[in-house]
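Given next are the chains, with one letter for each unit.
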Amino acid sequence: MEGELAPLEAGGSLMGWGKVRSLMYVCYTMPMTDQKQTVLLVEDAAPAAFALGKVLGNEGFEVILAGDGEEGLKVALEKHPDIILADLKMPKMGGMEMIRELHKDPWGASAEIIILTNVSDVETLEEAMSQNTFYYLVKSDTSMADIVTKIRARLAARGKDVK
């Protein structure tokens with residue numbers, strides 16, 4: 001699998017990854033380093049989730065993967081990650097529904113959320129922004145390096161110690 005991930009580590013985008021609906025990667029945690037920020041990545045395309053998870057792990061983040069919005073909601077409410085990266089189109093529960101449910105919880109109402117999706121229509125963007133998401137990133141237009149930069153910027157804005 002290492003050979004498959006190498007092109008993405010060089011700043012490639014997530015475009016073109018097919019959907020893989022496997023629960024074997026739900027809640028997989030990358031090795032933790034001295035940096036304590038936790039990223040919950042809610043993504044149903046396993047290759048994209050593993051590629052981005054590896055990049056974020058190498059950048060010093062603890063990464064928890066969830067394969068759909070239902071699992072993402074459960075993990076978010078249990079683990080209280082520093083930031084959540086969520087896809088929108090997923091099985092069981094989509095990203096927008098997950099965010100609406102998350103906001104019903106006192107902790108979840110102020111959770112840091114970045115949308116990372118291939119949905120780029122104006123209505124979806126407006127709905128996402130109305131749900132207090134901080135960035136709306138289109139996978140095909142966003143490099144791995146850009147994602148890391150946005151995460152660091154958002155955590156820094158909240159006063160988190162980011163290296």
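Residues numbered from 1 in each chain as written. Predicted model: local features only at pLDDT ≥ 70, side-chain atom pairs only at ≥ 80, totals over all residues. Heavy atoms only, no water.

### Regarding the overall build of the chain
Summing up its helical and strand segments, the chain has six helices and five strands in all. Going from N to C terminus, the chain has its helices and strands arranged as α-β-α-β-α-β-α-β-α-β-α. Out of the 163 residues in the chain, the part that is buried amounts to 52%. For the chain, the proportion of contacts with a sequence separation of at least 24, taken over those separated by at least 6, is 69%. Accessible surface for the chain amounts to roughly 7,700 Å². Of this, 52% is attributable to carbon and sulfur atoms. (Helix = DSSP H or I, 4+ residues; strand = E, 2+ residues; numbered from the N terminus. Buried < 20%, exposed > 50% of the residue type's maximum accessible area, 1.4 Å probe, protein only. Contact = heavy atoms within 4.5 Å. Areas by Shrake-Rupley, 256 points an atom, 1.4 Å probe, with all protein chains shown as cover.)

### Comments concerning the pattern of salt bridges
Under the counting rule described, the total for this entry stands at six salt bridges. Note that Lys 139 is salt-bridged to Glu 43, the shortest N-O span being 2.6 Å. Taken together, the residues span a long stretch of sequence, with Lys 139 in the loop between β5 (135-138) and α6 (144-157) and Glu 43 in the loop between β1 (38-42) and α2 (46-58) at a distance of 96 residues. Of the two residues, Lys 139 and Glu 43, neither departs from the other in class, the shared state being buried. Salt-bridge contacts for Lys 79 lead to Glu 78; the nearest nitrogen and oxygen are separated by 3.9 Å. When its relative accessible area of 55% is taken as the criterion, Glu 78 is described as exposed. It is possible to trace a salt-bridge network through shared partners that takes in Glu 43, Asp 87 and Lys 139. (Salt bridge = Lys/Arg side-chain N within 4 Å of Asp/Glu carboxyl O.)

### Here we look at the sheet that holds β5
Strand order in this open sheet of five strands is β2-β1-β3-β4-β5, and the pairing throughout is parallel. Of all strands in the sheet, those bounded by a partner on one side alone are β2 (62-66) and β5. The sheet shows a mean angle of 20 degrees between the axes of neighbouring strands, taken without regard to direction. As defined by bridge partners, strand β4 (residues 113-117) adjoins β5 across four bridges and the pair is classed as parallel. Looking at the pairing, Leu 116 lines up with Leu 137 of β5. Along the sheet face, helix α3 (residues 69-79) touches β1, β2 and β3 (83-86) and points at about 165 degrees away from the line of β1. (Pairing = 2+ DSSP bridges. Axes fitted to C-alpha atoms, helices over the stretch in contact; angles between N-to-C directions.)

### Let's talk about the confidence of the model for the chain
Within the chain, residue pLDDT values average 75, and 67% of them lie at 70 or more. Helix α1 (residues 2-9) is the least confidently modelled element of the chain, averaging 32 in pLDDT, while β1 averages 94, the highest of any element. In this model residues 1-33 is a low-confidence stretch, pLDDT under 50, and it forms 80 contacts with partners more than four residues away in sequence or in other chains. (pLDDT = per-residue confidence, 0-100.)

### A look at the nonpolar core
Leu 40, Val 42, Ile 84, Met 98, Leu 102 and Ile 113 are the most contacted members of the largest nonpolar core, which has 22 residues in total. Secondary-structure elements contributing two or more residues to this core are β1, β2, α3, β3, α4 (95-102), β4 and β5. A total of four residues in this core trace back to one element, the largest contributor, which is α4. The contact partners of Val 42, leaving out residues within four places of it in the chain, are Ala 66, Asp 68, Gly 69, Gly 72, Ile 84, Leu 85, Ala 86, Asp 87, Met 90 and Met 98. Grouped together as the second largest cluster of nonpolar side chains are 20 residues, Val 39, Ala 49, Ile 83 and Leu 155 included. (Core = buried A, V, L, I, M, F, W, Y, C linked by side-chain atoms within 4.5 Å.)

### Considerations on α6
Helix length check: α6, at 14 residues, gives a terminal C-alpha distance of 20 Å against a target of 20 Å (1.5 Å per residue), a fit within 8%. Taken together, the buried positions of α6 are occupied by Met 144, Ile 147, Val 148, Ile 151, Arg 152, Arg 154 and Leu 155. For α6, the angular spread of the buried residues around the axis is 165 degrees, confining them to a single face. Looking one or two residues past α6, Gly 159 carries a phi angle of roughly 80 degrees, positive in sign. (Expected span 1.5 Å × (residues − 1). Arc of directions from axis to C-beta.)

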